[in-house]
Amino acid sequence: MQFLSRSLLWLVLLFLLGPFVVIVAAGFSAGDTLTFPPQGWSLRWYIKIFTIPEFQHSFVLSVWVGVGATLLALVLGVPVAYAIARYRLPFGETIRTLVSAPLIVPGIIIGLALLRYVVFTLNAPVEITLLLGHTTLLIPYAVRVVSASLDNLRSDIEEAAVLLGRSRLGAFFAVVMPNIRGAILAAFVLSFITSFNQVPVSLFLSGPGVSMLPTQMLWYMEYTYDPSIAALSALLALGAMLMVFLTERLLGLSRYM
Amino acid sequence: MNELLVLDHLTLAYGRGAPAVEGMSLSVKEGELVSFLGPSGCGKSTTMRAIAGLLTPRSGRILLAGEDVTAVPPNKRGVGLVFQSYALFPHLTVFENVAFGLRARKESAAVIRSRVEEMVAAVGLAGFEHRLSTDLSGGQQQRVALARAMAVRPRLLLLDEPLSNLDARLRIEMRAELMRLQREYGITMIYVTHDQGEALALSSRIAVMNRGRIEQLGTPQALYAAPATPFVATFMGFENVFTVDGNQLAAGDGSKLPLVQQPGAGVQALAWRPQAVTLGSGPYSGTVRGASYQGDSVEYLIDSAGGTIKASAAAGSNFIPAGSEVSFDLPLAGAALIPAGAGA
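A brief structural summary. Just so it is clear, the structure is predicted and the values come from calculations on it, not from any experiment.

### Some details on the overall build of chain A
- When helices and strands are tallied, chain A shows 11 helices and 0 strands.
- Beginning at the N terminus, the succession of helices and strands in chain A can be written as α-α-α-α-α-α-α-α-α-α-α.
- Projected onto its principal axes, the C-alpha coordinates of chain A cover approximately 70 × 60 × 35 Å.
- Across the 257 residues that make up chain A, the buried fraction comes to 44%.
- Taking contacts inside chain A between residues at least 6 apart in sequence as the whole, the part at least 24 apart equals 70%.
- Computed over 14 positive and 11 negative side-chain charges, the separation of the two mean positions in chain A equals 9 Å.

### Quick word on the packing of helix α3 (residues 109-122) of chain B against helix α5 (residues 168-185) of chain B
All names here are of chain B.
- At a closest axis distance of 11 Å, the pairing of α3 and α5 adopts a crossing angle of 140 degrees. The angle between the axes of α3 and α5 places the two elements in the oblique class. Each of Glu118, Met119 and Ala122 in α3 lies in contact with α5, whose residues at this interface are Arg180, Leu181 and Tyr185.
- Taken together, the residues that form the contact of α3 with α5 break down as 4 nonpolar, no polar and 2 charged.

### A short note on the sheet that holds strand β12 (residues 248-250) of chain B
Residue and element names in this part refer to chain B.
- On the basis of which strands lie adjacent, the open sheet formed by 5 strands has the order β13-β12-β11-β14-β19 and antiparallel pairing. The open sheet terminates on both sides in strands that have one partner only, identified here as β13 (256-258) and β19 (336-339). Averaged over all adjacent pairs, the angle separating strand axes in this sheet is 30 degrees, with direction ignored.
- Bridge count between strand β11 (residues 240-245) and strand β14 (residues 267-272): 4 bridges; the pairing is antiparallel. Residue Thr243 lies in a different strand from β14, and its bridge partner there is Ala269.

### Structural notes on the interface of chain B and chain A
- Counting from both sides, the interface comprises 21 residues of chain B and, opposite them, 17 residues of chain A.
- Sorting the residues of chain B by area buried against chain A places Asn75, His91 and Phe100 of chain B first, and these three jointly supply 31% of that buried surface.
- Where chain B touches chain A, the interface holds 1 salt bridge.
- Among the ionic pairs, Arg49 of chain B bridges to Glu159 of chain A, the shortest N-O distance being 2.6 Å.
- Joining chain B to chain A, the criterion identifies 7 residue pairs in polar contact (both at pLDDT 80 or more).
- Where the side of chain B that touches chain A is concerned, the elements lending two or more residues are α1 (44-52), β6 (79-82), α2 (94-104) and α4 (138-151) of chain B.
- For the side of chain B that touches chain A, the class distribution of residues is 14 nonpolar, 4 polar and 3 charged.

### Here we look at empty space enclosed by the protein
- Counted under the stated rule, the structure contains 1 cavity of 30 Å³ or more.
- When its volume is computed, the largest cavity comes out at roughly 40 Å³.
- Residue lining of the largest cavity: Ala160 and Leu164 of chain A together with Gly80, Leu81, Phe83, Arg148 and Ala149 of chain B, and that is the complete set.
- Mapped by element, the contributors of at least two residues to the lining of the largest cavity are β6 and α4 of chain B.

### Quick word on unusual backbone geometry
Residues and elements named next belong to chain B.
- At Ala87, a residue that is not glycine, the phi angle is positive and equals roughly 50 degrees.
- Looking at where Ala87 falls in the secondary structure, it is placed in the loop between β6 and α2.
- In the Ramachandran plot, Arg211 falls in the positive-phi region, its phi being about 45 degrees despite a non-glycine side chain.
- Topologically, Arg211 is positioned in the loop between β9 (205-210) and β10 (213-218).

### Focus on the pairing of strand β8 (residues 188-193) of chain B
Residue and element names in this part refer to chain B.
- With 6 of 6 residues buried, β8 is to be regarded as a mostly interior element.
- Summarising the sheet, strand β3 (residues 33-37) and β8 pair through 5 bridges and their orientation is parallel. In the strand pairing of β8, Phe36 is matched with Val192.
- Sheet topology note: the strand β7 (residues 156-160)/β8 ladder contains 5 bridges and is parallel. In the sheet register, Leu157 faces β8, and the bridge partner there is Met189.
- For the handedness criterion, the β-α-β arrangement of β7, α5 and β8 is classed as right-handed.

Parameters and conventions
Every chain's residues receive numbers from 1 upward, in the order its sequence appears when written. All chains are assigned letters beginning at A, and all ligands numbers beginning at 1, according to the order in which they are written. The predicted nature of this model means local features are confined to residues of pLDDT at least 70 and side-chain atom pairs, given and counted, to a pLDDT of 80 or more, with totals for whole chains, interfaces and linings taken over all residues. The basis for the side-chain values is all heavy atoms of the structure; hydrogens and waters are excluded. Strands here are runs of E lasting at least two residues and helices are runs of H or I lasting at least four, both read from the DSSP assignment and numbered beginning at the N terminus. Throughout this description, buried means an accessible area under 20% of the type-specific maximum (1.4 Å probe, protein chains only), exposed means over 50%, and partly exposed covers the range between. Contacts between residues were defined by any pair of non-hydrogen atoms, one from each residue, lying within 4.5 Å. Only four residue types enter the charge count, namely Lys and Arg as positive and Asp and Glu as negative; His and the chain termini do not. A charge is said to be at NZ when it belongs to Lys, at CZ for Arg, at CG for Asp and at CD for Glu. Lines fitted to C-alpha atoms define the axes, with helix axes restricted to the stretch in contact, and inter-axis angles between N-to-C directions lie between 0 and 180 degrees. We call two directions roughly parallel when the angle between them is under 35 degrees, roughly antiparallel when it is over 145, roughly perpendicular when it lies between 65 and 115, and oblique otherwise. Nonpolar residues are Ala, Val, Leu, Ile, Met, Phe, Trp, Tyr, Cys and Pro. Charged residues are Asp, Glu, Lys and Arg, and all others, Gly as well, are polar. A pair of strands is treated as paired once DSSP finds two or more bridges between them. Summed over both partners, the accessible area lost on bringing two parts together, with a 1.4 Å probe, is the buried area. When a carboxyl oxygen of Asp or Glu is within 4 Å of a side-chain nitrogen of Lys or Arg, the pair counts as a salt bridge. In protein, a polar contact means a hydrogen-donor-capable atom and an acceptor-capable atom, both N or O and within 3.5 Å, with residues adjacent in sequence counting only if both atoms are side-chain atoms; elsewhere, any N or O pair within 3.5 Å suffices. Buried and open spaces are told apart on a 1 Å grid over the protein atoms alone, a cavity being a set of points where a 1.4 Å probe fits but cannot get out and a pocket being an open set with protein on both sides within 12 Å along at least five of seven lines. Residues with an atom within 4 Å of a point are the lining residues. Grid points are joined across faces, edges and corners, and a volume is the space filled by probe spheres set on the points. Crossover handedness is defined here as right-handed if the route from the first strand over the helix to the second strand goes clockwise, with the strands pointing away from the viewer.

Shown next as structure tokens:
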């Protein structure tokens, strides 16, 4: 029985990590096409990805949209989380559900809707629409992670701060913010990674010279089947792992998820 | 005779619900410690929240040192509050918790340092300044909460069941500590509690509250000796309360005992402490349902025609085992006479 469950555990791990190993290894290939096992070893594909201008541009756009949408989602989401946690709102349950809706609605629908109504009808620039679309997608993460932290924080400390002379808003910044700072950072990391890896919404929202990194990678693969895609994927996965690892070490990310 | 706090026909309610407190009036003098004593739901905590400014009255006024503060926000009232849960700031040290109010008032660093050190020492926590408040025991957290509330020198300090989360021994220790601090700083306090022992030990005056009203207001001695209503009598340990009904004594559940000696006109009810019930002789009889040994006394529950009688006898007297018949007396000399017309 123990043998069985142990073997199952290793199989699951292999299933989860196997593709990652394949991708990393394929990126180190010396050959011209994406194959596994790699044909010889070289660093040329890891070097080449830094020389492709489309990757550079879309990487910069992805970072900007990721950071911008994450900040917007937090600015909108933290007050929502606070209101849900502290006040008995009319339709509170409905609001809670609506805020989580972007988690359930397929990204394709969000992307198509934004393309049809924001880009075509309102003629909004694609970059702004991307920012809006990603903000929508990230709000549930901001609200959920911060809500969990607020639910664990006593509300009477705010009253205590007010009675000691702070205004209500002052009390929020003096005694609530420092206690949910970890959750906000965790929400930041989670949201940024989600935005960075997002495909369906980004797929619809691209224009001449404007595309997010995952979309750019898809297009690149349609024309060029070389190991540089593997090298780039490996680097991105490594970056995400590093971020999660660091936040876990510094704040204990898992407390908020 | 300076009246620090005046509550003037205060009616309090949460949302549009029925009022939790109705038409309450009270005045508290400078330096007094007034307790709000009553069961949960009697409106004592609600009243305290209104005095702090955390709840806006539906009607009535609150005056602090003669000034109408009904519309003054809680951060401008100069009223301190010690929470039942302590409500310490978990991310701050003891020093920073106590300094919080002083920083909000933009005091100078020198004032903050000296005041925090003074208050931390006053509550016996010198040396703990740099601990996180979450690393302290319940009793220590209680002391930090007190020091924090007192550091800003509030005009009035409200305490919401401050000792209810402590164990019995600590509670008595903190009770003495509170009395010492109150004497030392001459601070006016309102103390909310459901524990009559605490209220009796600490208070200059006690307001016994029931269903949103003050049933009786008086010194501990006055309340203990002469409760004005059956409710106050029960709360003050007169556990056998009977309404005078012609020449009968009527218990709350409707059962009756004959009244042997008329208490005189104007008496609505009679109440006896368990110690005032004499056992072994007398006009009444009943069956001992339970006898529990308490060390210095034995407590009896006696089933009688007038319902369950609670009696207490010195431990040295004859032990009466459960199940035996016993005769008893309710002597008028040992009764509290509750006048007609007062309270409910």
